[in-house]
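Residues per chain, in single letters:
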Amino acid sequence: MFVCRFENTSLVTMRLLFLFFVIYTTDAKLNVDYKVVESNIAEHVGKPYAPDWKDLDTRPLPEWYDKAKIGIFMHWGVYSVPSFGSEWFWSNWKSGDNKSIEFMNKNYPPGFTYQDFAPMFTAEFFDADAWASLFYKAGAKYIILTSKHHDGYTLFPSRRSFSWNAMEVGPKRDLVGEIAQAVRKNNLKFGVYHSLYEWFNPIYLEDKKNLYLTKNYPMTKLWPDLKQIVHDYEPSVIWSDGDWEAFDAYWNSTDLLAWLYNESPVKDEIVVNDRWGIGIPCHHGDFYNCADRYNPGKLQNHKWENAFTLDSKSWGYRRNMALHEILSIDQLLKEVVSTVSCGGNALINIGPTKEGTIAPIFQERLLTLGRWLLINGEAIYGSSPWIHQNDTYNANVWYTCTKQEYDAERPTSRPKPSDVITSVYAVFLHWPRDNMLKLRDIAPYLHTGTYKVQLLGNEGTLNWKISSGVALIPLPDKAIVESKHAWTLKFTQK
């Protein structure tokens, strides 16, 4: 008999069994053949990964990444000097964007080039330890820094970016190395964003002119830079980007990943995203980004990540950003909670200034998130998707659960019948006006045993009753509730 049981549950109703039938039917519609996945993984133990997607896709996701849930993304570089428009400033300016041209004509002398911004990228107030402390207090578990954006300027002393790196021009510092060391002192994972292409690199442009039939750029620039990063900083994440102009065969993506998985010093720890060439996003990689600000709002059959910005208009810093363009804490929490409920990780982007500071509004949002996670984090960190994600009666409620045993082979799947669920969490984003929370999808499970219902951050238990298939849970006075923005109910078997 198939039984999904809460800890110490002795009785499971026929209604619960029917719901599991529905669940497994849904998984079948998602084309998730878990037996094939498990068989492929078992057959691969001890064997090197071949440089082809079919074999690379059999690699199990390192457990740390799925459990982490919360990351901080940083877009920082020469574009932080003009800090106008976005991190695409150079490309926009050179492609004839009227606002960028007007900005340059108004503020800089004739003949001023993008390269002239580099000495102004000073980072004189940059304190890696202070940044790491902020990220730790924000509740992040991993950090992703732009080692190189599409302008080709590297934040590490690249041996292939002559006079176009942070050690030789600008801060005269190894920014990647400083941040890597600081975040690890706070027990956070460190990773790098790295653009595959460079807008105006002549070697790349020559390959492009040759219709990518030559590979001089990936062989003489891209690969050496990435291997230097891996050997010098041993990142836990490589967040690839700038892949969309060429197929993966040009980038030699599968060869690079096979090296990462088989031989590199981070082969057991590393995770990579899905941006490795035309047609690859949302199909291959340890986790999928699919698109910027990707949040499908429903359970996915592969581990994924929602990379989004606190500044809704840009990934890099903008001096003219307005308060209404910054995500509110309620908007931020909705992104985090809905993402984690559906099996994703939330990667929250900020853009530091050219001086090496983080804008106070960004600090405030991150610290508020961290305080929220201190109360509600058990519903986020190490959680798994539950049988339901978004409540069918109350759209402001998202579910997660914790299981006795972590399923590394199916991290984003609904619970199996044999799983022991230790707790179910319902995170509600809006406080009901009458202090009565109404939920439909938890109601059938409250019938299967005797449950304790708690509001995280508050002492005691809550009463509940079921009426017309909807669970009615009276809440305490909001004035005495610890959490201020979103709230979590915890359901456990007595």
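As a reminder, the structure under discussion sits directly above these lines.
Residues numbered from 1 in each chain as written. Predicted model: local features only at pLDDT ≥ 70, side-chain atom pairs only at ≥ 80, totals over all residues. Heavy atoms only, no water.

Visitor: Which residues make up the overall build of the chain, and what are the values?
Guide: For the chain, the count of helices and strands is 15 helices and 15 strands. C-alpha extents for the chain along the principal axes are approximately 75 × 55 × 40 Å. Buried positions account for 58% of the 494 residues belonging to the chain. When contacts within the chain are restricted to residue pairs at least 6 apart in sequence, long-range pairs at least 24 apart make up 72% of them. Summed over all atoms, the accessible surface of the chain reaches about 20,900 Å², with 52% contributed by carbon and sulfur. Averaging the coordinates of the 52 positive side-chain charges in the chain and doing the same for the 56 negative ones gives two points 5 Å apart. (Helix = DSSP H or I, 4+ residues; strand = E, 2+ residues; numbered from the N terminus. Buried < 20%, exposed > 50% of the residue type's maximum accessible area, 1.4 Å probe, protein only. Contact = heavy atoms within 4.5 Å. Areas by Shrake-Rupley, 256 points an atom, 1.4 Å probe, with all protein chains shown as cover. Lys, Arg positive; Asp, Glu negative; His and termini not counted. Charge placed at Lys NZ, Arg CZ, Asp CG, Glu CD.)

Visitor: Tell me about the packing of helix 13 (residues 329-341) against helix 14 (residues 360-376), residues and numbers included.
Guide: Two numbers describe how helix 13 lies on helix 14: the axes approach to 10 Å, and their chain directions differ by 55°. Between helix 13 and helix 14, the interaxial angle falls into the category oblique. Judged by the sense of rotation from one axis to the other, the crossing of helix 13 with helix 14 is right-handed. Here Ile329, Leu332, Leu333 and Val337 of helix 13 lie close against helix 14, whose contacting residues are Arg365, Thr368, Leu369 and Trp372. When the residues that make up the contact of helix 13 with helix 14 are grouped by side-chain class, the tally is six nonpolar, one polar and one charged. (Axes fitted to C-alpha atoms, helices over the stretch in contact; angles between N-to-C directions. Parallel < 35°, antiparallel > 145°, perpendicular 65-115°, else oblique. Left-handed = near helix turned anticlockwise from the far one by under 90°. Nonpolar A, V, L, I, M, F, W, Y, C, P; charged D, E, K, R; others polar.)

Visitor: Help me get a handle on the packing of helix 7 (residues 128-137) against helix 8 (residues 175-185), residues and values and all.
Guide: Here helix 7 crosses helix 8 at 45°, and the two axes come no closer than 8 Å. Looking at the two axes, helix 7 sits oblique to helix 8. Seen along the crossing, helix 7 lies across helix 8 with a hand that is right-handed. For the pair formed by helix 7 and helix 8, the contact residues are Ala128, Asp129, Trp131, Ala132 and Phe135 on the first element and Glu178, Ile179, Ala182, Val183 and Lys185 on the second. Of the residues assigned to the contact of helix 7 with helix 8, the class counts are seven nonpolar, no polar and three charged.

Visitor: Give a detailed account of the sheet that holds strand 13 (residues 465-467), specifying residues and quantitative values.
Guide: A sheet is described by the order of its strands in space; here three strands give the open sequence 11-14-13, paired in antiparallel fashion. Looking at the sheet topology across the chains shown, the edges are occupied by strand 11 (436-439) and strand 13. On average, each strand axis in the sheet is inclined to that of its neighbour by 30°, with strand direction left out of account. Relative to strand 14 (residues 470-474), strand 13 is paired through three bridges, and the arrangement is antiparallel. Bridge assignment links Lys465 to a residue of strand 14, and that residue is Leu472. (Pairing = 2+ DSSP bridges.)

Visitor: Go over the state of the cysteines with me, naming the residues and quoting the values.
Guide: All told, the structure shown has one disulfide when counted by the stated rule. Note on cysteine connectivity: Cys282 is disulfide-linked to Cys290, with sulfurs 1.9 Å apart. Because the sign of the S-S torsion sets the handedness, a value of about 80° for the bond joining Cys282 and Cys290 places this disulfide among the right-handed ones. In this structure Cys342 is a free cysteine whose sulfur lies 13 Å from that of Cys401, the closest cysteine sulfur available. With relative accessibility at 0%, the residue Cys401 sits in the buried group. (Disulfide = S-S within 2.5 Å.)

Visitor: An account of the side chain of Asp286 is needed here, citing residue identities and associated values.
Guide: With respect to the helices, strands and loops of the structure, Asp286 is situated in the loop between strand 6 (271-272) and strand 7 (304-309). Of the residues examined, Asp286 reaches a relative accessible area of 5% and is grouped as buried. Separated by 3.0 Å, the side chains of Asp286 and Tyr261 make a polar contact. A distance of 2.9 Å separates the side chain of Asp286 from the backbone nitrogen of Val272, its partner in a polar contact. Apart from residues lying up to four places away in sequence, Asp286 is in contact with Arg59, Leu61, Tyr261, Ile270, Val271, Val272, Asn273, His302 and Lys303. (Polar contact = N/O pair within 3.5 Å; in protein donor to acceptor, adjacent residues only side chain to side chain.)

Visitor: Residue-level account of the sheet that holds strand 3 (residues 142-148), with values.
Guide: Taken together, the seven strands give an open sheet; going across it, the order is 6-5-4-3-2-8-7, and neighbouring strands pair in parallel fashion. Whereas interior strands pair on both sides, the edge strands pair on one side only; in this sheet they are strand 6 and strand 7. Across two bridges, the pairing between strand 5 (residues 237-241) and strand 6 is parallel. Directly across from Ile238, in strand 6, lies its bridge partner Val272. Across the sheet, helix 8 lies against strand 2 (70-74), strand 3 and strand 4 (189-195), angled at about 155° from strand 4, the strand it touches most.

Visitor: An account of the environment of Ser338 is needed here, citing residue identities and associated values.
Guide: With respect to the helices, strands and loops of the structure, Ser338 is situated in helix 13. Judged by relative accessible area, which is 5%, Ser338 ranks as buried. Along the backbone, Ser338 and His302 are 36 residues apart, and their C-alpha atoms lie at a distance of 16 Å. Excluding its chain neighbours within four sequence positions, the residues that come into contact with Ser338 are Asn295 and Trp398. Polar contacts involving the side chain of Ser338 include one to the side chain of Asn295, which spans 3.1 Å.

Visitor: So what's going on with unusual backbone geometry? Residues and values would help.
Guide: The phi dihedral of Lys69 falls on the positive side, at around 70°, and the residue is not glycine. Here Lys69 lies in the loop between helix 4 (63-68) and strand 2. What makes Lys69 buried here is its relative accessible area of 1%. Phi at Ala123 takes a positive value of approximately 55°, unusual for a residue other than glycine. Structurally, Ala123 is set in the loop between helix 6 (98-107) and helix 7. With relative accessibility at 0%, the residue Ala123 sits in the buried group.

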